[in-house]
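Close look at the chain arrangement
What follows is each chain in one-letter form.
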Amino acid sequence: DGGITQSPKYLFRKEGQNVTLSCEQNLNHDAMYWYRQDPGQGLRLIYYSQIVNDFQKGDIAEGYSVSREKKESFPLTVTSAQKNPTAFYLCASIGTVKNTEAFFGQGTRLTVV
Amino acid sequence: GQNIDQPTEMTATEGAIVQINCTYQTSGFNGLFWYQQHAGEAPTFLSYNVLDGLEEKGRFSSFLSRSKGYSYLLLKELQMKDSASYLCAVRDWGNNRLAFGKGNQVVVIP
């Protein structure tokens, strides 16, 4: 079945450590996105990518990095420079040809202790 | 850039109809998405509008007016399971940037 997969679902890290969140899709979608959601808040855009080897900063890119080496994969690294990394992270992809396909992964809940 | 505005919360009775509004400003419009999000879960896709008019999908309908920068999501025959946050998102032309409003929390009561 086609879909978008984030892993892990829950992640705990010590303060000061970098951590990478995985996002994989087998939908043949070109565009992929990373969002951060804090309790009771909306989704804020971190980074997005239209095609392989290309990505742009969103509204809150500081302290994060991404790569897009393959069409299927768009990993997000939360670096030690991110001041308040504890949040719910969501990855999404949208079909360029079939614009009605716009799906999210299940999300990764990151807790930094 | 994009600026998206949604009211924050509303309460409605089971079986009723509720309309959730979304206004937006963007430099180049390339579609508006509606999502439903239950607490602690990822958003699920509800509808997509890129041309003016009404799109109907079962109990849910979405309307778009590009000239007014306005969309609404209509939920009919409300059920308890419709209690959730409803998010609108606007995509930019050219760079495919997708930005969300803060969401509208709908509480359905018996």
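My aim in this report is to walk through the structure given alongside it, one point at a time. (Residues numbered from 1 in each chain as written. Chains lettered and ligands numbered in written order. Predicted model: local features only at pLDDT ≥ 70, side-chain atom pairs only at ≥ 80, totals over all residues. Heavy atoms only, no water.)

**Quick look at the interface of chain A and chain B**
The cut-off we apply is this: It only takes one pair of heavy atoms within 4.5 Å for two residues to be counted as in contact. Take the accessible area each of two parts loses on contact, using a 1.4 Å probe, and add the two losses: that sum is the buried area. A pair is scored as a salt bridge if a Lys or Arg side-chain nitrogen falls within 4 Å of a carboxyl oxygen belonging to Asp or Glu. Pairing of N or O atoms within 3.5 Å defines a polar contact, subject to two protein rules: one partner must be a possible hydrogen donor and the other a possible acceptor, and residues neighboring in sequence count only if both atoms are side-chain atoms. Helical segments are the DSSP runs of H or I of at least four residues, strand segments are the runs of E of at least two, and each set is numbered from the N terminus. By the convention adopted, Pro, Cys, Tyr, Trp, Phe, Met, Ile, Leu, Val and Ala count as nonpolar, Lys, Arg, Asp and Glu as charged, and the other residues, Gly among them, as polar.
In this assembly, 24 residues from chain A lie in contact with 19 residues from chain B. Taken over both partners, the interface formed by chain A and chain B buries close to 1,700 Å², and the fraction arising from carbon and sulfur atoms is 54%. Remark: the boundary between chain A and chain B carries 1 salt bridge. If you look at where chain A meets chain B, you find 7 residue pairs in polar contact (both at pLDDT 80 or more). Breaking the side of chain A that touches chain B down by element, the ones donating at least two residues are β4 (31-37), β5 (43-49), β9 (87-94) and β10 (102-104) of chain A. Looking at side-chain class alone, the side of chain A that touches chain B contains 11 nonpolar, 10 polar and 3 charged residues.

**Some remarks on a nonpolar patch on the surface**
Rules: Any residue with relative accessible area above 30% and no salt bridge may belong to a patch, with like charges joined within 9 Å and the nonpolar Val, Leu, Ile, Met, Phe, Trp and Tyr side chains within 5 Å. Here the open area of atoms and residues is found with the Shrake-Rupley method and a 1.4 Å probe, where only the protein chains shown may cover a residue.
Together, Y10, F12 and V113 of chain A make up a nonpolar patch on the protein surface, roughly 380 Å² of accessible area in all. Summarising the element assignment, F12 of chain A is placed in strand β2 (residues 10-13).

**Side note on the pairing of β9 of chain A**
Regular strands show a simple pattern: their side chains alternate between the two faces of the sheet. Residue and element names in this part refer to chain A. Convention followed: Using a 1.4 Å probe on the protein chains alone, a residue whose accessible area is under 20% of its type maximum counts as buried, one over 50% counts as exposed, and one in between counts as partly exposed. Strands qualify as paired when DSSP identifies two bridges or more between them.
Where burial is concerned, most of β9 is hidden: 8 out of the 8 residues are buried. Examined bridge by bridge, β4 and β9 share 7 bridges and lie antiparallel to one another. For Q37, the partnering residue across the bridge sits in β9 and is F88. Two elements, β9 and strand β11 (residues 108-112), share 3 bridges in a ladder whose sense is antiparallel. By the bridge assignment, Y89 is partnered in β11 with T108. Where β9 and β10 come together, 3 bridges link them in antiparallel fashion. Opposite A92, over in β10, you have F104 as the bridge partner.

**Notes on unusual backbone geometry**
Residues and elements named next belong to chain A. Residue P8 is reached from S7 by a cis peptide bond, and omega for that bond is -10°. By secondary structure assignment, the location of P8 is in the loop between β1 (4-7) and β2. Within the chain, N28 stands out as a residue other than glycine whose phi angle is a positive 65°. Mapping N28 onto the fold places it in the loop between β3 (19-25) and β4.

**Observations regarding the pattern of salt bridges**
Residue and element names in this part refer to chain A. Under the counting rule described, the total for this entry stands at 7 salt bridges over all chains. In this structure, the salt-bridge partner of K71 is D30, at a minimum N-O distance of 3.3 Å. Here the residue K71 occupies a position in the loop between β7 (64-66) and β8 (76-78), and D30 occupies one in the loop between β3 and β4, the gap between them amounting to 41 residues. The partly exposed category is assigned to K71, whose relative accessible area is 23%. Look at D30 and you get partly exposed, because its relative accessible area is 25%. With a closest N to O distance of 3.0 Å, R36 and D38 form a salt bridge. Comparing R36 with D38 shows no difference in burial state: the two are buried. Overlapping salt bridges, with partners in common, bring together R36, D38 and R44 in one network.

**What about the state of the cysteines?**
All names here are of chain B. Inclusion rule: Two cysteine sulfurs form a disulfide in these notes if their separation is within 2.5 Å.
Applying the stated criterion across every chain, the model contains 2 disulfides over all chains. The side chain of C22 participates in a disulfide bridge whose partner is C88; the two sulfur atoms lie 1.9 Å from each other. Note on the C22 and C88 pair: the S-S dihedral is about 55°, so by sign convention the disulfide is right-handed. Here the residue C22 occupies a position in strand β3 (residues 18-26), and C88 occupies one in strand β9 (residues 84-92), the gap between them amounting to 66 residues.

Don't take any of this as a statement about function, it's just geometry.
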